[in-house]
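Inside the fold
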Amino acid sequence: MRVIICGAGQVGYGIAERLAAEANDVSVIDMSATLVQRIRDTLDVRGFVGHGSHPDVLAAAGADQADMIIAVTLYDEVNMTACQVAHSLFDVPTKIARIRSQSYLQAHYNNLFSREHLPIDVIISPEREVGDVVLRRIASPGATDIVQFAEGTVTMMAIECRDDCPVINTPLSQLTELFPDLSATVVGVWRNDRLFVPHSADQLLAHDLVYVIATRPQVKRTLSLFGHDEAEARRIIIAGGGNIGLYVAEQMEARQSRAKVKIIEGDHARAVTVADRLRRTVVLHGSALDQQVLVEADIEDSELMVSLTNDDQVNILSAVMAKSLGCQSTLALINDPSYQGFTEQLGIDAHINPRAVTISRVLQHVRRGRIRQVHSVQKGSAEVIEAEALETSPLVGVPLRELDLPEDIRIGAVYRDGEVLKPDGDTKIKAKDRVVIFAMSTAVRQVEQMFRVSLEFF
């Protein structure tokens, strides 16, 4: 696949890194000669210095032969124009743009991005994507990562096995025997900086990070089985009233959450704007690094501090301060990968990587075959993929135990006619089933092939 990426920042670099590793033909455009040189030196991609929406620059990058353009520069208008030019002059089939301004994304302006106006096939709003991750984390506090598939009926969770975890040192096959009615499957394990797909004879150990696919009604029971009975926070403080913080608060109000939410915002004008937009949320003007402000927000009685400013250092330090002042749990937004490895040592309970969220969103449109959703885990070491089975798929009509499936994949759930099936050796995939699979990066191409239309079908 030939792909042009406009923007060589953290997100653009991350997308280029993933696509180049899979032998795609990737060209990256950026105004910064330094960023372009870095990406040339470290990745097997072509780099072009220039404006991502200028026709001559797109032409030099090979837009006339490109299958896809992914515009993720810092500027919405550049991203939109790049997609328009790619469509009008080069007829690029698939156009993806990152749009951050919420003004463009209001429901009554949906027609703006139609083929007749601004022809963008996929709109990615990092603020909303990250906001939805925060909301899922709040709803399931025992999970360090949580994503929904198959119309929200299937949930993938990353769960930490603590020293008191009830299921450690127990073979996975025995867990199935002990809990036959539990619709949950362990599909991956992160242990000692290595990710692998476990077998039925394998045991879970203390400090493992376990990836589990379960039906939505079984989420709380599954978390409890792994020793996580944490109650959903009812007293929450959000540091940062930007687009993400405001979105989270608005969604909690719209969903009639019983939680009492307070927002701390450093900019006075923004604090006033946020207060005007919200009905039940208390908005405080001040710095999230000011101990007096945190005390005024009743930090010692709060159950969760969510740090969502646009400054990593503020997010880290405010989370650390909140914990030291008595807050039960903390969640921080951290962009810089170099900071993410220190969260545990600093006492931060969980963090969100917005780059990973955006990359996962892009990958589902890059993947070939009937791929409906993709979630990347452990910096691309594996992916959780939801795909639709076609009549020509080699998975269809054969019991799973008779299939020669790669060792590096595990089928976690099958969604059929509105119901979720827990797969076992006797399960037969049917055409139009949606299959949720955990696949190591080495097996992603094989998963794509399983869900592609065969030429012999025509």
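What counts and how
- Residues numbered from 1 in each chain as written.
- Predicted model: local features only at pLDDT ≥ 70, side-chain atom pairs only at ≥ 80, totals over all residues.
- Heavy atoms only, no water.
- Domains from an automatic or database assignment.
- Contact = heavy atoms within 4.5 Å.
- Buried area = accessible area lost by both parts, 1.4 Å probe.
- Salt bridge = Lys/Arg side-chain N within 4 Å of Asp/Glu carboxyl O.
- Buried < 20%, exposed > 50% of the residue type's maximum accessible area, 1.4 Å probe, protein only.
- Helix = DSSP H or I, 4+ residues; strand = E, 2+ residues; numbered from the N terminus.
- Pairing = 2+ DSSP bridges.
- Right-handed = clockwise from strand over helix to strand, strands pointing away.
- UniProt positions renumbered as here; feature names shortened; annotations may be inferred.
- Axes fitted to C-alpha atoms, helices over the stretch in contact; angles between N-to-C directions.
- Parallel < 35°, antiparallel > 145°, perpendicular 65-115°, else oblique.
- Left-handed = near helix turned anticlockwise from the far one by under 90°.
- Nonpolar A, V, L, I, M, F, W, Y, C, P; charged D, E, K, R; others polar.
- Expected span 1.5 Å × (residues − 1).
- Core = buried A, V, L, I, M, F, W, Y, C linked by side-chain atoms within 4.5 Å.

As named in an unreviewed UniProt entry, the protein is Trk system potassium uptake protein TrkA, taken from Oricola thermophila.

So, about the domain arrangement of the protein. Along its sequence, the protein is organised into domain 1 (2-124), domain 2 (235-357) and domain 3 (363-451). Put simply, the middle of domain 1 and the middle of domain 3, counted by C-alpha atoms, are 29 Å apart. At the junction of the two partners, domain 1 supplies 9 residues and domain 3 supplies 9 residues. Between domain 1 and domain 3, a total of about 710 Å² is buried, with carbon and sulfur atoms accounting for 52% of that surface. The tally of links from domain 1 across to domain 3 stands at 1 salt bridge. Note that arginine 18 and glutamate 383 form a salt bridge whose closest N and O atoms lie 2.5 Å from each other.

The side-chain alternation of strand β16 (residues 330-333) yields two buried faces, one formed by Thr330 and Ala332 and the other by Leu331 and Leu333. Pairing between strand β15 (residues 304-307) and β16: 3 bridges, direction parallel. The partner of serine 307 across the bridge, within β16, is alanine 332. You can see the chain leave β15, run along helix α11 (residues 312-324) and come back into β16, and the turn it takes is right-handed. The pairing of β16 with strand β17 (residues 350-352) spans 3 bridges and is parallel. Paired with leucine 331 across the two strands is alanine 350, which belongs to β17.

Our next topic: the UniProt feature "domain: RCK N-terminal" (unreviewed entry) in the protein. The feature "domain: RCK N-terminal" (unreviewed entry), as given by UniProt, occupies residues 1-124 and 233-352 in the numbering adopted here. End C-alpha to end C-alpha, residues 1-124 measures 21 Å, and it is 35% helix and 22% strand. Secondary structure over residues 233-352 splits into 38% helix and 22% strand, and the C-alpha atoms at its two ends are 18 Å apart.

Moving on, we come to the packing of helix α5 (residues 126-139) against helix α8 (residues 243-254). Contact geometry for α5 and α8: axes closest at 9 Å, N-to-C directions at 50°. Relative to α8, the element α5 is oriented oblique. Note that α5 runs across α8; the crossing there is right-handed. Mapping the contact onto sequence places Glu127, Arg128, Val130, Gly131, Asp132, Val134, Leu135 and Ile138 in α5 and Asn243, Ile244, Tyr247, Val248, Gln251 and Met252 in α8. Classifying every residue of the contact of α5 with α8 by side-chain character gives 8 nonpolar, 3 polar and 3 charged.

Strand order across the open sheet formed by 5 strands is β18-β19-β22-β20-β21, with antiparallel pairing between neighbours. The outermost strands of the open sheet, each flanked by one partner alone, are β18 (371-377) and β21 (419-421). Mean inter-strand twist for the sheet, computed between neighbouring axes without regard to direction, equals 20°. Along the sheet, helix α13 (residues 354-366) makes contact with β18 and β19 (382-388), crossing β18 at roughly 145°.

This part is about helix α1 (residues 10-21). Spanning 12 residues, α1 covers 16 Å between terminal C-alpha atoms, matching the ideal 16 Å at 1.5 Å per step. Here α1 lies mainly inside the structure; 9 of its 12 residues are buried. Residue alanine 23 follows α1 closely and has a positive phi angle near 65°.

Turning to the nonpolar core, a few remarks are in order. Judged by nonpolar contacts, the single largest core of 44 residues is most densely connected at Ile5, Ile15, Leu19, Ile70 and Phe451. For this core, the element with the most residues is α1, which contributes 6 residues. Split by domain, the residues of this core number at least three in each of domain 1 (2-124) and domain 3 (363-451). Ignoring any residue separated from it by four or fewer positions in sequence, one finds isoleucine 5 in contact with Gly12, Ile15, Ala16, Leu19, Val26, Ser27, Val28, Ile29, Ile70 and Val72. Core analysis: the second largest hydrophobic core is formed by 27 residues, Val133, Ala233, Leu308 and Leu333 among them.

What follows covers the sheet that holds strand β1 (residues 2-6). Taken in spatial order, the 6 strands of this open sheet run β3-β2-β1-β4-β5-β6, and their pairing is parallel. Only two strands of the sheet have a single partner each, and these edge strands are β3 (46-49) and β6 (122-124). Going across the sheet, the axis of each strand differs from the next one's by a mean of 15°, ignoring polarity. Sheet analysis places strand β2 (residues 25-30) next to β3, joined by 4 bridges and oriented parallel. Residue pairing across strands places aspartate 30 opposite valine 49, the latter belonging to β3. Lying on the sheet, α1 is in contact with β1, β2, β4 (68-71) and β5 (94-98); it crosses β1 at an angle near 165°. Sitting on the sheet, helix α4 (residues 76-90) touches β1, β4 and β5, and the angle it makes with β5 is about 170°.

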